Amino acid sequence: MDYKKSGVDIEAGYRSVELMKKHVQQTMRPEVMGGLGGFSGAFSLETIKNMEKPVLLSGTDGCGTKVKLAFVMDKHDTIGIDAVAMCVNDVACAGGEPLFFLDYIACGKNIPEKIAAIVSGVAEGCKQAGCALIGGETAEHPGLMPEDEYDLAGFSVGVADEKDIITGADLKAGDVLIGMASTGVHSNGFSLVRKVFDMDEKTLNTYHEKLGKTLGEALLAPTRIYVQALKKVKEAGVRVKACSHITGGGFYENIPRMLPEGKHAVIEKNSYPVPPIFEMIAENGNVEETMMYNTFNMGLGMVVAVDPADVDRAMEAMKAAGDTPYVVGKITDDEKGVTLC
């Protein structure tokens, strides 16, 4: 008996590392010290010395049950973007610049080509966020997970000068809410999605005119990364007063998280186009509108609050980063919470 016969193939692990190296290398920043394969990832903090009061920010998350779609469609090169996005968007939402990322892949069987495809997506997400992929772990779990399945998670560390951290503390009535378009469902609500649609090849590979693509392509579309948009807004001299990453819990859970006590967000539902994938989910699953807005991003992946005088500059900066912004509401003086009208 040896380790390979027990279900863990060490040689496959070595091959996975070799295959992923070229993807990891593309994410490197000057601050990264050492190479892939060490016991820890090293990142120099020399460049943050010019900050008055540097603060480290961190975010950790996974892709949830969205990985089930990747299994069925046998497409594994974008799910890593989702893992990165869920973490770096949270860091950016607080006003931070993501510095580096580490991933964790748990699999039933290490198939080097599949692992490399997953990591290629992680690397692409890191490139979009401007952060380095400085390490990770691929854990083979025979007997615990089916051989053809895996789970993916990770975490990001970023930095911000204390004065630049977005807290919502200086929000006032009349401040304007700008929403940035999502790419679709992103990485939340898939437990409900999987109840609404059959998760089989025939269903997922069916083309829908209203989507302009197959159902599977629409659902698997990777989460939008908003790091560059928020960076452009800052570079334009606009102060983001509050920011919300619309993830699990949709509008009703996430919008209040950006608000201080005594401030209320009012969002106009018809102020932006809701992507057709959400209409399909609501219709096919007979899901009530309130539940839709309490589960999904409904077409807005990030919502920021700015002073009315800064709206045009903020929106131009977002467009320059390739994002699509909409004025979606305002802040009022009222009990902390959100109203959709």
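See the structure printed just above.
Bear in mind that the values here come from a model prediction, so they are computed numbers and not experimental data. (Residues numbered from 1 in each chain as written. Predicted model: local features only at pLDDT ≥ 70, side-chain atom pairs only at ≥ 80, totals over all residues. Heavy atoms only, no water.)

*Asks:* Summarise the layout of surface pockets; cite the residues concerned and give the values.
*Replies:* By volume, the second largest pocket is sized at about 420 Å³. In terms of lining, the second largest pocket is formed by 19 residues, of which the most central are Gly95, Gly96, Leu230, Lys231 and Lys234. Elements represented by at least two residues in the lining of the second largest pocket include exactly β6 (150–161) and α8 (227–235). Looking at which element gives the most residues to the lining of the second largest pocket, the answer is α8, with six residues. Per-class residue counts for the lining of the second largest pocket are ten nonpolar, two polar and seven charged. (1 Å grid on protein atoms, 1.4 Å probe; cavity = no way out; pocket = protein on both sides within 12 Å on 5 of 7 lines; lining within 4 Å. Points joined across faces, edges and corners; volume = space filled by probe spheres on them. Helix = DSSP H or I, 4+ residues; strand = E, 2+ residues; numbered from the N terminus. Nonpolar A, V, L, I, M, F, W, Y, C, P; charged D, E, K, R; others polar.)

*Asks:* So what's going on with the sheet that holds strand β5 (residues 132–140)? Which residues, and what values?
*Replies:* Within the open sheet, the four strands sit side by side as β3-β6-β4-β5. Their pairing is mixed. The open sheet terminates on both sides in strands that have one partner only, identified here as β3 (54–62) and β5. Geometrically, the sheet is characterised by an average inter-axis angle of 15 degrees between neighbouring strands, direction not taken into account. The sheet contact formed by strand β4 (residues 97–107) and β6 spans ten bridges and is antiparallel. The partner of isoleucine 105 across the bridge, within β6, is leucine 152. Each of β3, β4 and β6 touches helix α3 (residues 79–93); the most contacted strand, β6, lies at about 30 degrees to it. (Pairing = 2+ DSSP bridges. Axes fitted to C-alpha atoms, helices over the stretch in contact; angles between N-to-C directions. Contact = heavy atoms within 4.5 Å.)

*Asks:* Could you give an account of the packing of α3 against helix α4 (residues 112–129), with specific residues and numbers?
*Replies:* Where α3 contacts α4, the two axes come as close as 6 Å, and the packing angle between them is 40 degrees. In this view, α3 runs oblique relative to α4, as classed from their interaxial angle. Read as a crossing pair, α3 and α4 show a hand that is right-handed. Contact with α3, carried on its side by Ile79, Gly80, Ile81, Val84 and Val88, involves Ile118, Gly121, Val122, Glu124, Gly125, Cys126, Gln128 and Ala129 of α4 and no other residues of that element. Class assignment of the residues belonging to the contact of α3 with α4 gives a composition of eight nonpolar, four polar and one charged. (Parallel < 35°, antiparallel > 145°, perpendicular 65-115°, else oblique. Left-handed = near helix turned anticlockwise from the far one by under 90°.)

*Asks:* An account of the pairing of β4 is needed here, citing residue identities and associated values.
*Replies:* Across the eleven residues of β4, nine count as buried, placing the element largely inside the fold. Of the pairings in the sheet, the one linking β4 to β5 comprises eight bridges and is parallel in character. Residue pairing across strands places phenylalanine 100 opposite alanine 132, the latter belonging to β5. Following the backbone out of β4, through α4 and into the adjacent parallel β5, one traces a crossover that is right-handed. (Buried < 20%, exposed > 50% of the residue type's maximum accessible area, 1.4 Å probe, protein only. Right-handed = clockwise from strand over helix to strand, strands pointing away.)

*Asks:* Please give an account of the nonpolar core that cites residues and values.
*Replies:* Counting 49 residues, the largest nonpolar core has Tyr150, Ile178 and Val304 as its most contacted members. No other element matches the nine residues that α3 contributes to this core. For isoleucine 178, the contacting residues outside a window of four places in its chain are Met302, Val303, Val304, Val306, Val311, Ala314, Met315, Met318, Pro325, Tyr326 and Val328. Membership of the second largest hydrophobic core comes to 39 residues, among which are Ala218, Ala265, Val287 and Val328. (Core = buried A, V, L, I, M, F, W, Y, C linked by side-chain atoms within 4.5 Å.)

*Asks:* Now, about the sheet that holds strand β10 (residues 242–245): what can you tell me, with residues and values included?
*Replies:* Pairing between the strands of a sheet is mediated by backbone hydrogen bonds and can be parallel or antiparallel. Pairing is mixed across the open sheet formed by six strands, whose spatial order is β10-β12-β7-β13-β11-β14. Both outer strands of the open sheet, β10 and β14 (337–340), are each paired with one neighbouring strand and no more. Going from strand to strand, the sheet's axes swing by 25 degrees on average, the running direction of each strand aside. Pairing analysis gives four bridges linking strand β11 (residues 263–267) to β14, with the strands arranged parallel. By the bridge assignment for β14, valine 266 is matched with threonine 339.

*Asks:* Tell me about empty space enclosed by the protein, and name the residues and values.
*Replies:* This structure, assessed with the given rule, holds one cavity of 30 Å³ or more. Looking at the largest cavity, its volume works out to about 30 Å³. Forming the walls of the largest cavity are Cys107, Lys109, Lys114, Ile115, Glu147, Asp148, Glu149 and Tyr150. A class-by-class count of the residues in the lining of the largest cavity yields three nonpolar, no polar and five charged.

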